[in-house]
Amino acid sequence: MLIGAIALFLGAYLLGGVNMALAVSRARGVDIRQVGSGNPGASNVLRAVGKGPAVLVYLVDLAKGFVPALVGLLVWSPYVGAAAGLAAVLGHCYPVYHRFRGGKGVATAGGAVLAVAPPVMVAMVIVYGVALVLSRISAVGSLAAAVVSIPALLLTGQTRGTVAWFALMMVLIVFRHRSNLSRLRSGTENRLA
């Protein structure tokens, strides 16, 4: 069991490091890390490249968290699924392929939550959508969804261990948004059109 779980975590990390935002932006002649917020994620692709590429990036990022978390859930337990999801988010945020410079992990974390606790993902999407409509700022939606996920996980009866792995994931997401928080404080954060 231990060797299999370690292999799952390593595979999840490596899968998480695959960055579709870089690929689709380069195909359009854009280095996504040099435009907009500089973040290689779906929101910045939406602003810099367009809706179609942004949807593709979001779905691939979601799948990077969903697949390993689902494998962990089905083969072992929700606890292992959540840990595999965290490994995928770490890969997305700190990819070995790109000198450990990656995205913020929101969609990848969402995929992991979708695999282990689908009702919580529904709550996160609703909170994200409301926050986005009210603020027109993707980071506000992402941070609100991350914050609401922990009480939602507790309310849906997830074990303490599973919630702990997801809590670490959400802390990482908030940490990765520290530049957004700084821009929010100064009133210079990027808004969606």
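The numbers attached to residues start from 1 for each chain and follow its sequence in the written order. Thresholds applied to this predicted model are a pLDDT of at least 70 for local features of residues and 80 or more for the giving and counting of side-chain atom pairs; totals over whole chains, interfaces and linings are not thresholded and use all residues. Excluded from the side-chain calculations are hydrogens and water; all other atoms, namely the structure's heavy atoms, are used.

Further remarks concern unusual backbone geometry. With a phi close to 55 degrees, arginine 99 is a non-glycine residue in the positive phi region. Starting at the N terminus, helices and strands are each numbered in turn, a helix being any DSSP run of H or I of at least four residues and a strand any DSSP run of E of at least two. Its place among the elements puts arginine 99 in the loop between helix 5 (78–93) and helix 6 (106–116). The phi angle at arginine 136 is positive, at roughly 60 degrees, despite the residue not being glycine. Within the secondary structure layout, arginine 136 lies in the loop between helix 7 (118–135) and helix 8 (138–155). Relative accessibility under 20% of the residue-type maximum defines a buried residue, over 50% an exposed one, and the middle range a partly exposed one, all with a 1.4 Å probe and only protein chains included. Among the residues examined, arginine 136 registers a relative accessible area of 35% and is labelled partly exposed.

This part is about the pattern of salt bridges. Put simply, a salt bridge is a Lys or Arg side-chain nitrogen that is within 4 Å of an Asp or Glu carboxyl oxygen. In this structure the tally under the stated criterion is three salt bridges. A salt bridge links aspartate 31 to arginine 33; the shortest N-O distance between them is 3.4 Å. Ionic pairing is found between arginine 183 and glutamate 189, a salt bridge with its closest N-O pair at 2.6 Å. In this pair, the class of arginine 183 matches that of glutamate 189, namely buried.

So, about helix 7. By this rule, a helix spans an expected 1.5 Å times one less than how many residues it contains. The end-to-end C-alpha distance of helix 7, which contains 18 residues, comes to 26 Å, matching closely the 26 Å that a straight helix rising 1.5 Å per residue would cover. Looking at helix 7, one finds that the buried residues are Val120, Met121, Met124, Ala131, Leu132 and Ser135. One side of helix 7 holds all its buried residues, which, seen down the axis, span an arc of 100 degrees. In helix 7, the exposed positions angled more than 90 degrees off the buried face are occupied by Pro119, Val122, Ile126, Val133 and Leu134. Should any heavy atoms of two residues lie within 4.5 Å, those residues are considered in contact. Buried residues along helix 7 sit in contact with helix 4 (51–75), helix 6, helix 8 and helix 9 (160–176). Each C-beta atom gives one direction from the helix axis, and the arc is the one those directions make.

Looking now at the packing of helix 5 against helix 9. In the contact formed by helix 5 and helix 9, the axes pass within 7 Å of each other and the chain directions differ by 15 degrees. The angle between helix 5 and helix 9 places the two elements in the roughly parallel class. The handedness of the crossing between helix 5 and helix 9 comes out as left-handed. Contact with helix 5, carried on its side by Pro78, Tyr79, Ala82, Ala83, Gly85, Leu86, Val89, Leu90 and Cys93, involves Gly161, Thr162, Trp165, Phe166, Leu168, Met169, Leu172 and Arg176 of helix 9 and no other residues of that element. Interaxial angles span 0 to 180 degrees and are taken between N-to-C directions of axes, which are lines fitted to C-alpha atoms, for helices over the stretch in contact. Any angle that falls under 35 degrees is termed roughly parallel, while one over 145 is termed roughly antiparallel, one within 65 to 115 roughly perpendicular, and all others oblique. Left-handed describes a crossing whose near helix is turned anticlockwise from the far helix through less than a right angle; right-handed describes the clockwise counterpart.

Take the side chain of serine 138 next. As for its placement among the helices and strands, serine 138 is situated in helix 8. Polar contacts, as used here, are pairs of N or O atoms within 3.5 Å; protein pairs need one atom able to donate a hydrogen and one able to accept it. Residues neighboring in sequence count only if both atoms are side-chain atoms. Within the structure, the side chain of serine 138 is placed 2.7 Å from the side chain of serine 43, a separation counted as a polar contact. Discounting chain neighbours no more than four positions away, the residues touching serine 138 are Ser43, Tyr128 and Leu132.

Take the packing of aromatic side chains next. For this analysis, a ring pair means two rings from Phe, Tyr or Trp (six-membered ring only for Trp) whose centres lie within 6.5 Å, classed as stacked if their planes differ by under 30 degrees, edge-to-face if by over 60, and tilted for the remaining angles. Scanning the entire structure with this criterion turns up one aromatic pair. When the centroid spacing of 5.9 Å and the interplanar angle of 70 degrees are considered together, the rings of tyrosine 79 and tryptophan 165 count as edge-to-face. Residue tyrosine 79 is located in helix 5, and its partner tryptophan 165 is located in helix 9; the two are separated by 86 residues in the primary sequence. Here tyrosine 79 falls in the partly exposed class, since its relative accessible area comes to 41%. Either the NZ atom of lysine or the CZ atom of arginine qualifies as a charge over a ring when it sits within 6 Å of the ring centre and within 35 degrees of the ring normal. When the ring centre of tyrosine 94 is taken as origin, the NZ or CZ atom of arginine 176, which lies over that ring, is 4.7 Å away. Just above the ring of phenylalanine 175 sits the side chain of arginine 178; from NZ or CZ to the centre is 4.0 Å.

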